[in-house]
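# Residue-level structural notes
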Amino acid sequence: MEEEARRLLEEGISKKLISPGKGELSTFPDGTKVVFHYRTSLCDGTVLDDSRTMGNRSKPMELILGKKFKLAVWETVIITMRQGEIAEFTCDTKHTALYPLVSQSLRNISAGKDPLEGQRHCCGIAQIHSHHSLGHKDLDQLQANPQPLVFSIELLEVLPPGSFQLDVWAMTDEEKLQFVPQIHEEGNRLFKQGNITEAAEKYYNGIACIKNLQMKEHPGDGSWVKLDMMITPLLLNYCQCKLLLGQYYEVIEHCSSLIFKYEDNIKAYYKRAKAHAAVWNESEARADFAKVLELDPSLGPCVAKELRTMEDKLRSKGKEEKGRYKGLFNYNEPSATATTG
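Calculation rules
Residues numbered from 1 in each chain as written. Predicted model: local features only at pLDDT ≥ 70, side-chain atom pairs only at ≥ 80, totals over all residues. Heavy atoms only, no water. UniProt positions renumbered as here; feature names shortened; annotations may be inferred. Helix = DSSP H or I, 4+ residues; strand = E, 2+ residues; numbered from the N terminus. Contact = heavy atoms within 4.5 Å. Areas by Shrake-Rupley, 256 points an atom, 1.4 Å probe, with all protein chains shown as cover. Buried < 20%, exposed > 50% of the residue type's maximum accessible area, 1.4 Å probe, protein only. Phe/Tyr/Trp six-rings, centres within 6.5 Å; stacked < 30°, edge-to-face > 60°. Polar contact = N/O pair within 3.5 Å; in protein donor to acceptor, adjacent residues only side chain to side chain. Axes fitted to C-alpha atoms, helices over the stretch in contact; angles between N-to-C directions. Parallel < 35°, antiparallel > 145°, perpendicular 65-115°, else oblique. Left-handed = near helix turned anticlockwise from the far one by under 90°. Nonpolar A, V, L, I, M, F, W, Y, C, P; charged D, E, K, R; others polar. Expected span 1.5 Å × (residues − 1). Arc of directions from axis to C-beta. Salt bridge = Lys/Arg side-chain N within 4 Å of Asp/Glu carboxyl O.

- In the annotation of an unreviewed UniProt entry, the protein chain is listed under the name peptidylprolyl isomerase and assigned to Sphaeramia orbicularis.
- Under the UniProt heading Subcellular location (unreviewed entry), the note attached to the protein chain is "Cytoplasm".
- Taken verbatim from the UniProt record of the protein chain, the Subunit (unreviewed entry) comment is "Interacts with RET in the pituitary gland; this interaction prevents the formation of the AIP-survivin complex."

Here it is as structure tokens:
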């Protein structure tokens, strides 16, 4: 234990044991999966991130050791821990310089966004020394003023190599390409079973997988376009899930991005029209439904049905609002004539 603490101190890391774990210390061979909760703080106690509350949910971090995770210090400290152990590690600036980028990705993931959103196609060191905003004031401040950080970690699980399915980010490019059709089919199966939220997550994971591959290609090149064509059906399925879940503005955003690239995508127009109708954007919905008919006149009956549904809802809304305000301005004013007794 003393030898371990001395070795960490030599590397600019101090460890404070909060609660001991159980069993023997693992050998942590490459390929081991570790699952842990973490809280990241400045040395003055200001909390930057907490896996128990990030994105309004409690979701532990998962790492595959030996995969060259951007924040290498997490691997350095975790291999000193036993399963179930809770400890605090204060790490020198040399270990924490890339934390703003890591945090940005983790925050994007927790918010359901592309983990690479907002990051430039360059190495981490170049990013950290650029003046590019990460979209979070606290991370921008940390990027401009690198400093030591305190990581409070609870090691939940240690899974040996081969005992689990690899996460997408840990796969090779070839494994990712083979995985996409599988995850697409899993999403379809869940959708048919009525598990819409779970299906949406599968489709999203497939999209993120392909986008990760796209980052290695030049936009517009043949390989990039081929990958983009793989994203389209996944994104349309994802939008269908979001329609059913009532997340209409997200549907509008994603379908608009598809239409920007593929102006003849009927399904994107149709789903965007339904989303516009759901949020009372009547003119936008009518314009999209008209475009659907222009591209495929055979969909006339479907479009007519959707338009009738929208019109019925608009009439109901109008009546409701009329009733709500009825009599608001039609009341008898009290007499202004003064009386004396």
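### Brief notes about the overall build of the protein chain
- Looking only at helices and strands, one finds 13 helices and six strands in the protein chain.
- At a minimum sequence separation of 6, the contacts of the protein chain that also span at least 24 residues come to 68%.
- With an accessible surface of roughly 19,700 Å², the protein chain has 53% of that area assigned to carbon and sulfur atoms.

### A look at unusual backbone geometry
- With phi around 50°, F28 is a residue other than glycine that occupies positive phi space.
- Take F28: it is sitting in the loop between β1 (13-19) and β2 (33-42).
- For F28, a relative accessible area of 8% gives the class buried.
- Even without being glycine, W280 reaches a positive phi, approximately 70°.
- Among the secondary structure elements, W280 is positioned in the loop between α11 (266-278) and α12 (282-295).
- Relative accessible area serves as the criterion here: at 40%, W280 is assigned to the partly exposed category.

### Some points on the packing of aromatic side chains
- Summed over the entire model, instances satisfying the criterion amount to nine aromatic pairs.
- Note on Y99 and F151: the rings are 5.8 Å apart at their centroids and 55° apart in plane angle, and the pair reads as tilted. Separated by 52 residues along the polypeptide, Y99 in helix α4 (residues 99-110) and F151 in strand β6 (residues 149-159) bring together distant segments of the chain.
- A relative accessible area of 0% places Y99 in the buried class.
- By relative accessible area, F151 is classed as buried at 1%.
- One aromatic cluster is present, built from ring pairs that chain together F36, Y38, F69, W74, Y99 and F151.

### Structural notes on the side chain of H184
- Among the structural elements, H184 can be located in helix α7 (residues 173-192).
- Within polar-contact distance, the side chain of H184 engages the side chain of N237 at 3.1 Å.

### Points about the UniProt feature "repeat: TPR" (unreviewed entry) in the protein chain
- With numbering aligned to this structure, UniProt lists the feature "repeat: TPR" (unreviewed entry) at residues 266-299.
- Span residues 266-299 is 79% helix and 0% strand, its end C-alpha atoms 10 Å apart.

### Focus on the side chain of D288
- Looking at where D288 falls in the secondary structure, it is placed in helix α12.
- For D288, a relative accessible area of 5% puts it in the buried group.
- For D288, the contacting residues outside a window of four places in its chain are Y269, R272, A273 and H276.

### With respect to the packing of α7 against helix α8 (residues 196-214)
- Packing of α7 against α8 brings their axes to within 8 Å, and their N-to-C directions diverge by 160°. Here α7 is positioned roughly antiparallel relative to α8, judged by the angle of their axes. Between α7 and α8 lies a crossing of left-handed hand. Where α7 abuts α8, its residues D173, K176, L177, V180, I183, H184, E186, G187, N188, L190 and F191 lie against I196, E198, A199, K202, Y203, N205, G206, C209, I210, N212 and L213.
- Of the residues assigned to the contact of α7 with α8, the class counts are 11 nonpolar, six polar and five charged.

### A look at α12
- Given a rise of 1.5 Å per residue, 14 residues ought to cover 20 Å, and the 20 Å separating the end C-alpha atoms of α12 matches this to within 8%.
- For α12, the complete set of buried residues consists of A285, D288, F289 and V292. One side of α12 holds all its buried residues, which, seen down the axis, span an arc of 100°. Residues of α12 that are exposed and angled more than 90 degrees away from the buried face: S283 and E294.

### Regarding the pattern of salt bridges
- Within this structure, the stated rule accounts for 17 salt bridges.
- With a closest N to O distance of 2.9 Å, R107 and D138 form a salt bridge. Placement of R107 in helix α4 and of D138 in helix α6 (residues 137-144) is noted, with a sequence separation of 31 residues between them.
- When the shortest N-O distance is used, the salt bridge between E311 and R286 registers 3.0 Å. Here E311 is found in helix α13 (residues 300-325), whereas its partner R286 is found in helix α12, with 25 residues between them in sequence.
- E311 sits in the partly exposed class, given a relative accessible area of 26%.

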